[in-house]
Amino acid sequence: MDEKNKPEEIKDFILKYISKKGKLPKDIDVDKFNYIDTGYIDSMGLIKFVVELEQKFDVQITDDDMILPEFRTIGGLVESIKRKTV
Amino acid sequence: MSSIANIFFNNAERSPEKTAIWCDGETITYKELSSFVKKWSNLLNSNNVKYGEHIGVLLPNNIEFVALMLVASNIGAAIVPLNPTLPASAIELAFNSSDVKHVIGITSSMETLNKENLKDATGFCLSIDDENEEPNSFINLIKNSPETPITGTKIFGSEALILTLTSGSTGEPKPIVLTQKNKIDRAHAACELYSVTSEDKILAATPLYHSLAERLVLMPLLIGATSILMPRFSPSMWLKCVKEQEVSFTIAVSSQLSQIAELLASPFLPEINSLRCIVSSSALLENHIKYELLAKLKCDFHECYGASEIAIATNLNIVDSKTKLKSVGKATPNVDVKILKEDGTFANAGEAGEIICKTPMLFGGYYKLPELTKSAMFGDYFCTGDLGKLDEDGFLTFLDRKKDLIITGGINVYPKDVETVIAQLPEIEECVAISIPDDRLGEVVAVALVSKKGQEINLKTVKFHCAKCLADFQQPRKYFIIEKLPRNAMGKLTKHALVEQLTT
């Protein structure tokens with residue numbers, strides 16, 4: 001049986017989503033990249049981003065999740081969604 | 001009249017090696033930008049993009065976006081820039097209502113559009129982020145395009161340069177026409193008001209599909225100064241950018257400044273001493289935030305009031321007018337602000353009414369909506385839809401909005417847009433979008449929902465539907481399911497009562 005919510009699939013979705021706000025810098029460690037402090041997702045865009053992740057990957061992201069440091073990096077967010085996948 | 005592009009080309013001849021724009025670690029000199037604009041103008045010309053035609057733009061903040069504004073000026077075309085995060089249906093509606101014929105953008109935004117829904121966009125479509133070696137990639141198209149001047153196009157100044165859309169996804173869009181002359185006059189007025197010179201480094205940190213950032217990037221290019229363009233905003237990036245790029249002037253929206261003030265409370269931040277002047281726009285800042293910013297940034301500090309249709313109407317110098325901090329200042333030079341009472345007469349000092357404004361920087365009307373344009377005017381005065389009063393010294397106090405509008409992070413959200421989308425769900429009997437205060441964004445959207453008899457509202461379904469059909473800034477932050485909406489004896493919804501019921 002196919003694995004649900006593969007990490008690469010989650011990462012691709014996130015990268016495609018945030019790239020609408022501009023090209024990602026070259027030579028970065030994607031997993032450690034903080035997409036919030038760099039403004040790819042700002043306070044105005046956060047809700048839509050989270051709801052689209054919830055819908056796409058059938059998970060629930062709470063307000064508490066959003067304040068965790070791991071939520072701010074691409075790798076951390078991928079891990080968090082993976083953990084929530086049932 | 002000289003076009004914006006010609007004024008820029010003259011500046012490029014005077015200071016070819018000076019940095020024209022810095023954005024996200026990339027810089028471009030006046031000479032390089034001038035060459036890029038000429039080549040791109042010829043590329044569009046050779047692809048039948050003609051004088052007077054409209055180009056839809058789906059770009060994030062970058063050097064190419066600024067160059068495209070100059071290209072449009074150069075060939076006498078107009079751009080229709082939109083928020084690339086808008087749902088495809090909203091982009092299609094907005095492009096159709098603005099008669100967009102050509103589209104330029106980044107691939108991820110353009111590929112979501114359904115060409116069949118774009119009735120007039122039969123012209124040139126260009127993705128500028130193709131980095132491949134194909135002959136028709138943007139890089140190659142520009143490389144092979146001549147740098148010769150555009151001939152045979154006379155610019156009068158009255159041509160539309162930018163059609164800016166303030167409304168969103170479902171209602172009839174109201175494209176605001178800004179002419180080349182509007183943009184030149186507005187840039188020069190701001191330079192004069194805040195004593196901006198060619199020595200300044202001017203920061204734009206809001207999206208370029210809004211008139212504020214457009215003005216902030218055109219100001220430097222029209223006077224030979226340097227534009228510092230942030231690709232995106234976060235308070236820490238703003239401080240880093242101001243420090244490293246030695247920014248000396250900016251106009252920011254107040255919700256950005258609130259977030260910056262919050263960060264400035266940290267003791268570990270480097271000192272910033274390049275700033276000469278900051279202007280706050282969009283909503284009044286709380287006094288404690290003004291003082292925190294003044295103490296840390298040590299520069300002139302102004303607050304202004306205006307709208308896309310009129311540009312800056314009033315200005316308050318916070319240091320010079322400490323007794324007037326609850327006001328938004330006095331009318332700027334050549335601008336007349338009056339208060340119009342409901343009976344159609346002008347108010348005396350201290351009397352409340354609608355803020356109206358006569359300005360040489362007045363917009364070119366709402367595109368193809370002459371009746372709407374007419375109804376927004378009282379003689380030569382533009383009716384802002386805001387309520388206010390003037391004191392005896394001519395200082396304007398903003399009291400409330402007459403228009404049903406939520407301003408979140410400086411961007412307008414029309415409650416009707418949100419309500420129409422949610423009302424599409426079969427289980428919803430009624431839906432009302434309201435504004436609730438927010439520390440970071442000033443205001444955010446909340447919705448009150450009433451279900452149809454015998455049906456249940458699943459909030460997850462409502463949230464998913466909003467995410468699909470509304471732009472990021474339109475997303476509701478709070479949902480309230482209630483039994484019925486408060487109404488007066490005539491059956492009319494009492495929104496104030498609803499806000500009170502939900503927020504107390």
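Thresholds, definitions, all that
- Residues numbered from 1 in each chain as written.
- Chains lettered and ligands numbered in written order.
- Predicted model: local features only at pLDDT ≥ 70, side-chain atom pairs only at ≥ 80, totals over all residues.
- Pairing = 2+ DSSP bridges.
- Helix = DSSP H or I, 4+ residues; strand = E, 2+ residues; numbered from the N terminus.
- Axes fitted to C-alpha atoms, helices over the stretch in contact; angles between N-to-C directions.
- Contact = placed C-beta atoms within 7 Å.
- Nonpolar A, V, L, I, M, F, W, Y, C, P; charged D, E, K, R; others polar.
- Core = buried A, V, L, I, M, F, W, Y, C linked by C-beta atoms within 7 Å.
- Buried ≥ 20, exposed ≤ 12 C-beta atoms within 10 Å, placed from the backbone.
- Parallel < 35°, antiparallel > 145°, perpendicular 65-115°, else oblique.
- Right-handed = clockwise from strand over helix to strand, strands pointing away.

### Quick notes on the sheet that holds strand E24 (residues 442–451) of chain B
Residues and elements named next belong to chain B.
At step 1: Spatially, E23-E24-E25 is the arrangement adopted by the 3 strands of the open sheet, whose pairing is mixed. A strand with exactly one partner marks an edge of an open sheet, and here the two such strands are strand E23 (428–438) and strand E25 (478–481). Recorded for the sheet is a direction-independent mean angle of 25 degrees between the axes of neighbouring strands.
At step 2: Sheet topology note: the E24/E25 ladder contains 4 bridges and is parallel.

### Side note on the interface of chain A and chain B
At step 1: Taken together, the contacts link 20 residues of chain A with 25 residues of chain B.
At step 2: Broken down by element, the residue count for the side of chain A that touches chain B peaks at 5 residues, all from helix H2 (residues 46–57) of chain A.
At step 3: By residue class, the composition of the side of chain A that touches chain B is 5 nonpolar, 7 polar and 8 charged.

### Some remarks on the nonpolar core
At step 1: Ranked by internal contacts, the top residues of the largest apolar core, which has 156 residues, are Ala67, Ala72 and Val447 of chain B.
At step 2: The biggest single contributor to this core is helix H3 (residues 63–75) of chain B, with 10 residues.
At step 3: In terms of nonpolar packing, the next biggest core, distinct from the first, is built from 17 residues, Phe33, Ile47, Val50 and Leu53 of chain A among them.

### Overview of the environment of leucine 269 of chain B
Residues and elements named next belong to chain B.
At step 1: Following the sequence through the fold, leucine 269 ends up in the loop between helix H10 (254–264) and strand E12 (277–281).
At step 2: Since 14 C-beta atoms lie within 10 Å of it, leucine 269 is described here as partly exposed.
At step 3: Separated by 29 residues in the primary sequence, leucine 269 and lysine 240 have C-alpha atoms spaced 9.5 Å apart.
At step 4: Every residue in contact with leucine 269, bar those within four places of it in the chain, is listed here: Leu239 and Leu264.

### What about unusual backbone geometry?
Residue and element names in this part refer to chain B.
At step 1: With phi around 85 degrees, serine 282 is a residue other than glycine that occupies positive phi space.
At step 2: If you trace the backbone, serine 282 turns up in the loop between E12 and helix H11 (287–297).
At step 3: If you check the backbone angles, lysine 368 has positive phi at about 55 degrees while not being a glycine.
At step 4: Residue position: lysine 368 is located in the loop between strand E17 (353–358) and helix H12 (370–375).
At step 5: A residue is classified by how many C-beta atoms lie within 10 Å of it, and lysine 368, with 12 of them, is exposed.

### Description of the packing of helix H1 (residues 4–14) of chain B against H3 of chain B
The angle between the axes and the distance between the axes are what describe a pair of packed helices.
Residues and elements named next belong to chain B.
At step 1: At their nearest, the axes of H1 and H3 sit 7 Å apart, and the two run at 115 degrees to each other. Between H1 and H3, the angle falls in the class roughly perpendicular. Here H1 contributes Ile4, Ala5 and Phe8 to the contact with H3, which in turn contributes Leu70, Ser73 and Asn74.
At step 2: Residues of the contact of H1 with H3, tallied by class, amount to 4 nonpolar, 2 polar and no charged.

### Side note on H1 of chain B
At step 1: Listed as buried for H1 of chain B are Ile4, Ala5, Ile7, Phe8, Phe9, Asn11 and Ala12 of chain B.
At step 2: On its buried face, H1 of chain B sits against helix H2 (30–46), H3, strand E7 (160–165), helix H7 (180–193) and helix H8 (211–223) of chain B.

### Comments concerning the pairing of strand E13 (residues 300–307) of chain B
Regular strands place their side chains on alternate faces of the sheet.
Residues and elements named next belong to chain B.
At step 1: Within E13, 6 of the 8 residues are buried, which leaves the element mostly enclosed by the surrounding structure.
At step 2: This β-α-β element, E12 to H11 to E13, shows right-handed connectivity.
At step 3: Where E13 meets strand E14 (residues 311–317), 6 bridges bridge the pair, whose relative direction is antiparallel. For glutamate 303, the partnering residue across the bridge sits in E14 and is leucine 316.
At step 4: A loop of 3 residues connects E13 with E14, the two strands running antiparallel in sequence.

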